[in-house]
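This is what each chain is made of:
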Amino acid sequence: MDEILGQVLRNAVWERLDLLTELANEADAPSLLSVARSELPRLTEGWRALLAAHEPDEKGNCPECSGRWRQQKSPCSVWRAAYEHLVAGGLAPRPARHLRSAPVTPPVTRTRRAVLRAH
């Protein structure tokens, strides 16, 4: 049951991101302003919650990314992604190959399929 719920949640999040991307690319100015006013606060609060969970502990390790046998020093991949996407705008130097996390490939949903076909 957890696996099914997890897939439903992941699909819903990917579809929401697809919708927001589509709106950003295709909406007229008044619609875009309305979406920005409603969605930007939600997105920033989401980032804040995610980053708070990945704040380093007193030893400088990320409590979420660390496991029982292997500690993940801060900044973890979540903090590096936040910096790259929110601060550097994707222009930041990429970390060395051994420090990069594996890319996450989203499932192809109906919305993503339509977006992929359009490109």
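Anyway, here's the lowdown on the structure attached to this text. Small disclaimer: the values here were computed from a predicted structure and weren't measured. (Residues numbered from 1 in each chain as written. Predicted model: local features only at pLDDT ≥ 70, side-chain atom pairs only at ≥ 80, totals over all residues. Heavy atoms only, no water.)

1. Observations concerning the packing of helix H1 (residues 2–26) against helix H2 (residues 29–53)
Alright, step 1. As a packed pair, H1 and H2 sit with axes 11 Å apart at the nearest point and diverge in direction by 145°. Handedness of the crossing formed by H1 with H2: left-handed. Within the contact between the two elements, H1 uses Arg16, Leu20, Leu23 and Ala24 and H2 uses Leu32, Val35, Glu39, Arg42 and Leu43. (Axes fitted to C-alpha atoms, helices over the stretch in contact; angles between N-to-C directions. Helix = DSSP H or I, 4+ residues; strand = E, 2+ residues; numbered from the N terminus. Left-handed = near helix turned anticlockwise from the far one by under 90°. Contact = heavy atoms within 4.5 Å.)

2. A look at the environment of His54
Alright, step 1. By secondary structure assignment, the location of His54 is in the loop between H2 and helix H3 (77–87).
Alright, step 2. The sequence separation of His54 and Ser77 amounts to 23 residues, and the corresponding C-alpha distance is 9.4 Å.
Alright, step 3. Look past the residues within four positions of His54 in its chain and what remains in contact with it is Cys62, Pro63, Glu64, Cys65, Cys76, Val78 and Trp79.

3. Considerations on the pattern of salt bridges
Alright, step 1. Enumeration according to the criterion identifies three salt bridges in this entry.
Alright, step 2. Between Arg16 and Glu39 there is a salt bridge; the shortest N-O distance is 2.5 Å. One end of the pair, Arg16, is in helix H1; the other, Glu39, is in helix H2, and 23 residues separate them in sequence.
Alright, step 3. On the accessibility criterion, Arg16 (34% relative accessible area) is partly exposed.
Alright, step 4. For Glu39, a relative accessible area of 11% gives the class buried.
Alright, step 5. One salt bridge in this structure joins Arg48 and Glu45, with 3.2 Å as the shortest N-O distance. Taken together, the residues span about one helical turn, with Arg48 and Glu45 both in helix H2 at a distance of three residues.
Alright, step 6. The exposure class of Glu45 is partly exposed, given its relative accessible area of 47%.
Alright, step 7. Through salt bridges that share partners, Arg16, Glu39 and Arg42 make up one connected network. (Salt bridge = Lys/Arg side-chain N within 4 Å of Asp/Glu carboxyl O. Buried < 20%, exposed > 50% of the residue type's maximum accessible area, 1.4 Å probe, protein only.)

4. Side note on the packing of H2 against H3
Alright, step 1. Two elements in contact, H2 and H3, have axes separated by 10 Å at closest approach and are oriented at 150°. Of the possible angle classes, the one that applies to H2 and H3 is roughly antiparallel. Between H2 and H3 lies a crossing of left-handed hand. Between H2 and H3, the contacting residues are Trp47, Leu50 and Leu51 on the first element and Val78, Trp79, Ala81, Ala82 and Leu86 on the second.
Alright, step 2. In terms of residue class, the contact of H2 with H3 is built from eight nonpolar, no polar and no charged. (Parallel < 35°, antiparallel > 145°, perpendicular 65-115°, else oblique. Nonpolar A, V, L, I, M, F, W, Y, C, P; charged D, E, K, R; others polar.)

5. Brief notes about a nonpolar patch on the surface
Alright, step 1. A cluster of nonpolar side chains, contributed by Ile4, Leu5, Val8 and Leu9, occupies part of the molecular surface with about 390 Å² of accessible area.
Alright, step 2. You can see Leu9 is positioned in helix H1. (Patch = residues over 30% accessible without salt bridge, like charges linked within 9 Å, V, L, I, M, F, W, Y side chains within 5 Å. Areas by Shrake-Rupley, 256 points an atom, 1.4 Å probe, with all protein chains shown as cover.)

6. Considering H2
Alright, step 1. Over its 25 residues, H2 extends 35 Å from the first C-alpha to the last, a length consistent with the 36 Å expected when each residue adds 1.5 Å.
Alright, step 2. For H2, the complete set of buried residues consists of Val35, Glu39 and Leu51. (Expected span 1.5 Å × (residues − 1).)

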